[in-house]
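# Architecture at a glance
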Amino acid sequence: MRTWRRSLEAAEVGGELRDDYMKVARFMRRREPAGYLAVRLMVPADHQPHVLAGYAFASYTDDVCDRGTVEERTRRYDAWDAQVRTALDSKSAEHPLLRAFLNTAAARELPRRWVDSYLDGARIDLDFPGFATEADYQRYVEQLTWPFLMITSGLAHQGGGSAEFAAACRLFADAAQRTDILTDLHEDLRGGRLYLPASDLDRYDITREDLEQGRDLPGVRALVAATARTARATLREAGVLLDHCSDEHRRLMRFILDLHHQRLESVTTRGATVTRRPVRDRPVACLRLLTRRPEPVGAF
């Protein structure tokens, strides 16, 4: 693995921008150490700064929505939203992560519509109302999760990729979001949020209180199992991403897909206990995925 400075040289990042991308690396290493390591191990050096800059911008935006009261989050997000849109218009910014992202978005010709869509969609989480139906959940994926993915994975392609790539990302956005709902169910409930549609609870004759109290009921077990099955089926469909992914990013994408399969296996094994404590990645299993030898060309 090359040093980060060598990766910046390979990506032709110079001048004052070097300090900004250094801050990108530190931010991602602290916030998402496994994801940071995966990018550093699996993506060619000249692509690494741009991949991490995309994730840093999207993740920082997500963090702005998550901390404090609704009023505090809204006030802070309004300021950040205005700052980002002004930066996109003027091609300049004061925030180091935003400056790096502007450079990356320009270098990779990322369509601005994905950034605007993500900024609009992120507002949903400022005062999350919950989902009444599956259709409400799908709108959330459409408005927030999919744009997040296009801001990050879309950087794998100059210009954001083909329509087929975007459609495959939409599938993965659905699978990844549903997986996250299950792995983070305990923490979300503690924070007063429930991302499972109310119609799903009704189908299995359980209540939100059943989930909040961690009750090991047949309906809770059935709900968790059914949600995991749906996520797994969509994740299998999302495997088409490997057909539309650039060679430079295919290894990372396979790791991400396999990691989500691994998380769903853990959820299935845990069953109703996912309501009592979060599902964490297993370090040894993740290490195996990270160090697995790349499959030969044509194996996909």
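Residues numbered from 1 in each chain as written. Predicted model: local features only at pLDDT ≥ 70, side-chain atom pairs only at ≥ 80, totals over all residues. Heavy atoms only, no water.

## Points about empty space enclosed by the protein
Applying the stated criterion across every chain yields a total of one cavity of 30 Å³ or more. A volume near 90 Å³ is recorded for the largest cavity. Forming the boundary of the largest cavity are Val51, Tyr55, Thr152, Ser153, Ala156, Phe165, Cys245, His249, Leu252, Met253 and Ile256. Put simply, the parts of the chain that give the lining of the largest cavity at least two residues each are α4 (48-66) and α15 (247-270). With four residues, the top contributor of residues to the lining of the largest cavity is α15. Residue composition of the lining of the largest cavity, by class: eight nonpolar, three polar and no charged. (1 Å grid on protein atoms, 1.4 Å probe; cavity = no way out; pocket = protein on both sides within 12 Å on 5 of 7 lines; lining within 4 Å. Points joined across faces, edges and corners; volume = space filled by probe spheres on them. Helix = DSSP H or I, 4+ residues; strand = E, 2+ residues; numbered from the N terminus. Nonpolar A, V, L, I, M, F, W, Y, C, P; charged D, E, K, R; others polar.)

## As for the packing of aromatic side chains
Enumeration according to the criterion identifies 13 aromatic pairs in this entry. An angle of 35° between the planes, with centres 6.4 Å apart, marks the rings of Phe57 and Trp80 as tilted. Residue Phe57 is found in helix α4, and its partner Trp80 is found in helix α5 (residues 70-90); the two are separated by 23 residues along the sequence. Per residue, the accessibility class of Phe57 equals that of Trp80, and both read buried. An aromatic cluster is built from Phe27, Phe57, Tyr60, Trp80 and Phe101, whose rings are joined through pairwise contacts. (Phe/Tyr/Trp six-rings, centres within 6.5 Å; stacked < 30°, edge-to-face > 60°. Buried < 20%, exposed > 50% of the residue type's maximum accessible area, 1.4 Å probe, protein only.)

## Some words on the layout of surface pockets
Empty space among the atoms can be located by rolling a probe the size of a water molecule over them. Of the voids in this model, the largest pocket is the one considered here, and its volume is about 1800 Å³. What lines the largest pocket is a set of 47 residues, and nearest its centre among them are Arg31, Glu32, Asp62, Asp180 and Asp184. In terms of residue class, the lining of the largest pocket is made up of 22 nonpolar, nine polar and 16 charged.

## Description of the pattern of salt bridges
Throughout the structure, instances matching the rule amount to 24 salt bridges. The salt bridge partner of Asp78 is Arg123, with a shortest N-O separation of 2.8 Å. With a gap of 45 residues between them, Asp78 in helix α5 and Arg123 in the loop between α7 (112-122) and α8 (134-152) connect regions that are remote in the sequence. With relative accessibility at 36%, the residue Asp78 sits in the partly exposed group. The residue Glu212 makes a salt bridge to Arg208 at a minimum N-O spacing of 3.0 Å. One end of the pair is Glu212 and the other is Arg208, both in helix α12 (residues 208-212) and four residues apart, which spans about a single turn. Residue Arg208 is classed as partly exposed on the basis of its relative accessible area, which comes to 34%. The network of salt bridges with common partners includes Asp81, Arg85, Asp89, Arg112, Asp116 and Asp120. (Salt bridge = Lys/Arg side-chain N within 4 Å of Asp/Glu carboxyl O.)

## Some details on unusual backbone geometry
Located in the positive-phi region is Lys91, a residue other than glycine, with phi close to 65°. Examined against the element boundaries, Lys91 turns out to sit in the loop between α5 and α6 (96-107). Its identity is not glycine, yet Glu109 carries a phi of approximately 55°, on the positive side. Considering the arrangement of structural elements, one finds Glu109 in the loop between α6 and α7.

## So, the packing of α4 against α7
α7 packs onto α4 with a crossing angle of 20° between their chain directions and a minimal axis gap of 10 Å. Classified by the angle their axes make, α4 and α7 are roughly parallel. Like other packed secondary-structure pairs, α4 and α7 cross with a definite hand, here right-handed. Contacts from Phe57, Ala58, Thr61, Asp62 and Cys65 of α4 reach α7 at Val115, Tyr118, Leu119 and Ala122. (Axes fitted to C-alpha atoms, helices over the stretch in contact; angles between N-to-C directions. Parallel < 35°, antiparallel > 145°, perpendicular 65-115°, else oblique. Left-handed = near helix turned anticlockwise from the far one by under 90°. Contact = heavy atoms within 4.5 Å.)

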